[in-house]
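Coordinate analysis (summary)
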Amino acid sequence: MAAHLSYGRVNLNILREAARKELREFLDKCAGSKAIVWDEYLTGPFGLIAQYSLLKEHEVEKMFTLKRGRLPSADVKNIIFFVRPRLELMDIIAENVFSEDKMHSSRDFHILFVPRRSMLCEQRLKEQGVLGSFINIDEYILDLIPYDGDLLSMEYESAFRECYLENDQTSLYHTAKGLMTLQALYGTIPQIYGKGECARHVANMMLRMKREFAGSQNQILPVFDTLLLLDRNVDLLTPLATQLTYEGLIDEIYGINNGYVKLPPEKFAQKKQGEASKDLPTEPKKLQLNSAEELYAEIRDKNFNAVGAALSKKAKIISAAFEERHNAKTVGEIKQFVSQLPHMQAARSSLANHTSIAELIKDITTSEAFFDNLTVEQEFMTGVDTDKVNTYIEDCIAQKDPLIKILRLVCMQSVCNNGLKQKVLDYYKREILQTYGYEHILTLNNLEKGGLLKLQTSSRNNYPTIRKTLKLWMEDANEQNPNDISYVYSGYAPLSIRLTQVLARPGWRSIEEVLKMLPGPHFEERQQLPAGLHKKRQQGENRTTLVFFLGGVTYAEIAALRFLSQMEDSGMEYIIATTKLINGTTWIKSLMDRPESQAP
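Residues numbered from 1 in each chain as written. Predicted model: local features only at pLDDT ≥ 70, side-chain atom pairs only at ≥ 80, totals over all residues. Heavy atoms only, no water.

If you walk across this open sheet you meet the seven strands as β6-β7-β15-β14-β9-β8-β13, and the pairing is mixed. Each end of this open sheet is capped by a strand with a single partner; those strands are β6 (145-148) and β13 (522-526). Direction aside, the axes of adjacent strands within the sheet are offset by 20° on average. Across the face of the sheet, helix α7 (residues 170-186) comes into contact with β7 (151-153), β9 (226-231) and β14 (543-550) while running at roughly 160° to β14. Most of the contacts of helix α8 (residues 197-212) go to β9, to which it runs at about 140°, and overall it touches β8 (191-195), β9, β13 and β14. (Pairing = 2+ DSSP bridges. Helix = DSSP H or I, 4+ residues; strand = E, 2+ residues; numbered from the N terminus. Axes fitted to C-alpha atoms, helices over the stretch in contact; angles between N-to-C directions. Contact = heavy atoms within 4.5 Å.)

Set out below in structure tokens:
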């Protein structure tokens, strides 16, 4: 199942296996039959670590979603709550336990906190009078979850909000802990670079944790040469832009959650000739997306304009392979053809799926609305008219387009102009509040706190200098056969990835001035390796860098890093880690405040 995790430069299956082992050990602590009550948010990430079959082997007979009221009936000895340490969830658990106690059932209750135990939560259970009902209260440290052969995510959706709005550094502590786990499995990372306040905090915590465990040096040859910690707020522009890679567009339009996407079913219905199509499926089509699927691995990071050609080329190869059956004359040849059939049929169905997805996306990308939106984005990125009210944004507000679309564009204009003039900012705010409702004043306030929407305080706009120095805009980006990372946004090179590229060669000293213009400190730390663990590099062997995005990363940025890994002369391979996989919509959503609708 997880073979694709071990194909890359770093075998991420080791991390997955370690997580599975801990899960087994906890389940075995609760002897007898079990029912798991899930905090719904955890089911997706857990699915990447352990399938139901593993739970079944350890006597898990039933699974329920955590909700108020009574638990569904189940003839089991143990009930285990798998939850995040959130106070509101403790109240629901207390309700569940009370309703069970009333039934006088002799069941054992257990709680597994993911990723850490919380004194506050235990206190809340005590106040509710149910703490004594629990036999085991434990924590399951699931920080970094392997999503693909080169990708790890914590799926901590509130990390950006907590760090920049609430000044809460919990997610940074989890990040540092996750990196310590990673070093315990893959060796100490000798060099640490970072940019941003949060990056500085994480590095400090890691170094402190390392000092605390000074006696237990691990004797593992380091797999990673460098760790680069990047704050999301160093580059606020990239997630706001519409991603133009195949995977990025699937995420922008349909949303990829824990490696799965749900698509409109009518495109995937198998229609037989002469049959009426009245019985179309109504359930969304759910597909898993990762590099285990050969075709997806090949096209996921291409600019969408290059996907059509790749699919038709693949179609020709597959039909040629099926035609081979006419040439199979001898028994041996027929046998060989039959042995290849399963692989060929899988390839054919994969091609059919991706052709359907590409058609769905093309309907959107060829629309006038998509083109107009993209044109305005690209004007902002190139510095055209960023200092006055944009007529396209005005029109969109007048037509009551989705609020998130408006917020993405207004924030983008603000970021590309180093803030908006008072007059422009007030105009946008007034228009948004009058059109979409005054409750959104909290959201606008959050966007200001997070630095996405701000007042221009100094008369100097640094963005053009940053754009020119780092070559963030490349005219005539080659989408078919790219030679630069700017292909992922058809012209715009993500700032975060340019910083990563420059760090590898020629080094950050060459861009000191620009680094000072970006928020937060930049720094370099070295971690001492135990004697004898210094890598002897073979001739032509690539270095490996772990790039950790604090506050989220987009699929287009991941595609750009994969492109750098594949470049002949880069000499560097990148593994990507993040607090959360995001796109502009999910990111802005995490910063929105919806006041609970007042009950009459």
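Don't stop here, the text continues.
Attention now goes to the side chain of Arg 200. Examined against the element boundaries, Arg 200 turns out to sit in helix α8. A distance of 2.8 Å separates the side chain of Arg 200 from the side chain of Glu 525, its partner in a polar contact. Sequence-distant contacts of Arg 200, defined by excluding residues within four places in its chain, comprise Pro 521, Phe 523 and Glu 525. (Polar contact = N/O pair within 3.5 Å; in protein donor to acceptor, adjacent residues only side chain to side chain.)

Contact geometry for helix α17 (residues 422-436) and helix α18 (residues 441-449): axes closest at 10 Å, N-to-C directions at 145°. Counted together, Lys 429, Ile 432 and Leu 433 of α17 and Ile 441, Leu 444 and Glu 448 of α18 form the full contact between these two elements. Grouping the amino acids of the contact of α17 with α18 by side-chain chemistry returns four nonpolar, no polar and two charged. (Nonpolar A, V, L, I, M, F, W, Y, C, P; charged D, E, K, R; others polar.)

In this model α8 runs 23 Å from its N-terminal to its C-terminal C-alpha over 16 residues, within 8% of the 22 Å that 1.5 Å per residue would give. For α8, the set of buried residues is Cys 198, Ala 199, Arg 200, Val 202, Ala 203, Met 205, Met 206, Leu 207, Met 209 and Lys 210. Where α8 is buried, its residues meet α6 (159-164), α7, β8, β9, β13 and β14. (Expected span 1.5 Å × (residues − 1). Buried < 20%, exposed > 50% of the residue type's maximum accessible area, 1.4 Å probe, protein only.)

Per the domain assignment, the segments of the chain are domain 1 (3-142), domain 2 (246-271 + 280-364) and domain 3 (369-460). Of note, the centres of domain 2 and domain 3, computed from C-alpha atoms alone, are 39 Å apart. (Domains from an automatic or database assignment.)

Attention shifts here to the pairing of β8. Along β8, five of the five residues are buried, which leaves the element largely enclosed by surrounding structure. Burial along β8 is two-sided: Gln 191, Tyr 193 and Lys 195 facing one way and Ile 192 and Gly 194 facing the other are all buried. Judged from the five bridges that link them, β8 and β9 form a sheet pairing that is parallel. Opposite Gly 194, over in β9, you have Leu 229 as the bridge partner. As paired strands, β8 and β13 are joined by five bridges and run antiparallel to one another. Paired with Tyr 193 across the two strands is Glu 524, which belongs to β13.

Structurally, Ser 312 can be placed in helix α12 (residues 307-323). Remark: the alpha-carbon pair of Ser 312 and Cys 30, spanning 282 residues in sequence, is separated by 54 Å.

Turning our attention to the packing of aromatic side chains. Per the counting criterion, the structure on display carries 16 aromatic pairs. Ring plane angle 55° and centroid distance 6.3 Å describe the contact between Tyr 427 and Tyr 428, whose orientation is recorded as tilted. Among the aromatic residues, those joined into a ring-pair cluster are Trp 38, Phe 46, Phe 82 and Tyr 140. Seen from the ring of Phe 523, Arg 200 lies directly overhead, with NZ or CZ sitting 4.1 Å from the centre. Sitting over the face of the ring of Tyr 260, Lys 286 holds its NZ or CZ atom 4.7 Å from the ring centroid. (Phe/Tyr/Trp six-rings, centres within 6.5 Å; stacked < 30°, edge-to-face > 60°. Lys NZ or Arg CZ within 6 Å of the ring centre and 35° of its normal.)

A word on a negative patch on the surface. Residues Asp 28, Glu 59, Glu 61 and Asp 75 make up a contiguous surface patch of negative charge. The residue Asp 28 is located in helix α1 (residues 13-29) in this model. (Patch = residues over 30% accessible without salt bridge, like charges linked within 9 Å, V, L, I, M, F, W, Y side chains within 5 Å. Areas by Shrake-Rupley, 256 points an atom, 1.4 Å probe, with all protein chains shown as cover. Salt bridge = Lys/Arg side-chain N within 4 Å of Asp/Glu carboxyl O. Lys, Arg positive; Asp, Glu negative; His and termini not counted. Charge placed at Lys NZ, Arg CZ, Asp CG, Glu CD.)

With that out of the way, let us pick up the nonpolar core. Counting 168 residues, the largest nonpolar core has Phe 82, Leu 229, Leu 452 and Leu 499 as the members making the most contacts within it. If one sorts the elements of this core by residue count, helix α16 (residues 403-416) sits on top with 10 residues. Not counting chain neighbours up to four residues away, the residues in contact with Leu 452 comprise Phe 160, Leu 236, Leu 240, Cys 411, Ser 414, Val 415, Leu 447, Trp 587, Ile 588 and Leu 591. Counting residues in each nonpolar core, the second largest holds 24 residues, with Val 37, Leu 66, Ile 79 and Ala 94 among its members. (Core = buried A, V, L, I, M, F, W, Y, C linked by side-chain atoms within 4.5 Å.)

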